Amino acid sequence: MAEQQDQDRPGDVPKGADDALGYEHARDALLEVVRQLENGGTSLEESLALWERGEQLAKVCQRWLDGARERLDAALAAEEGAAGGE
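First things first, this report covers the structure right here in the doc. Note that the coordinates shown come from a computational prediction; the quantities given were computed from them, not determined experimentally.

1. Some points on the overall build of the chain
Looking only at helices and strands, one finds three helices and zero strands in the chain. Taken from the N to the C terminus, the helices and strands of the chain come in the order α-α-α. Considering the chain as a whole, with its 86 residues, one finds that 16% of them fall into the buried category. By sequence separation, contacts in the chain at least 24 residues apart represent 68% of the contacts at least 6 residues apart. In the structure as shown, the chain presents an accessible area of about 6,400 Å², 54% of it carried by carbon and sulfur atoms.

In structure tokens form, the structure reads like this:
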């Protein structure tokens, strides 16, 4: 029964699918986890499962942000290199 409830939770995504999540989807799912934790009314076990899910989603978001930072840094370095060659 608890297994079925875990699958029906809003914002829940199968754990193996994390790498396929886009930033916005992962962020929205993380926000839903935070709302559920803030609202309370869940058992300790459910709260821990939500916390773990939130940690996974936060890591997905951080990977996207790190990748975006790397792309920006590379674009800025390329621009500086082109400007320095004048």
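That covers the picture; the talk isn't over yet.
2. Here we look at the pattern of salt bridges
One pass over the structure, following the stated rule, counts three salt bridges. Here Arg35 makes a salt bridge to Glu32, at a shortest N to O gap of 3.4 Å. Linking Arg35 with Glu32, this pair stays in helix α2 (residues 23–39), spanning three residues, or about one helical turn. You can call Arg35 partly exposed: its relative accessible area is 44%.

Reading the values: rules and limits
Residues numbered from 1 in each chain as written. Predicted model: local features only at pLDDT ≥ 70, side-chain atom pairs only at ≥ 80, totals over all residues. Heavy atoms only, no water. Helix = DSSP H or I, 4+ residues; strand = E, 2+ residues; numbered from the N terminus. Buried < 20%, exposed > 50% of the residue type's maximum accessible area, 1.4 Å probe, protein only. Contact = heavy atoms within 4.5 Å. Areas by Shrake-Rupley, 256 points an atom, 1.4 Å probe, with all protein chains shown as cover. Salt bridge = Lys/Arg side-chain N within 4 Å of Asp/Glu carboxyl O.

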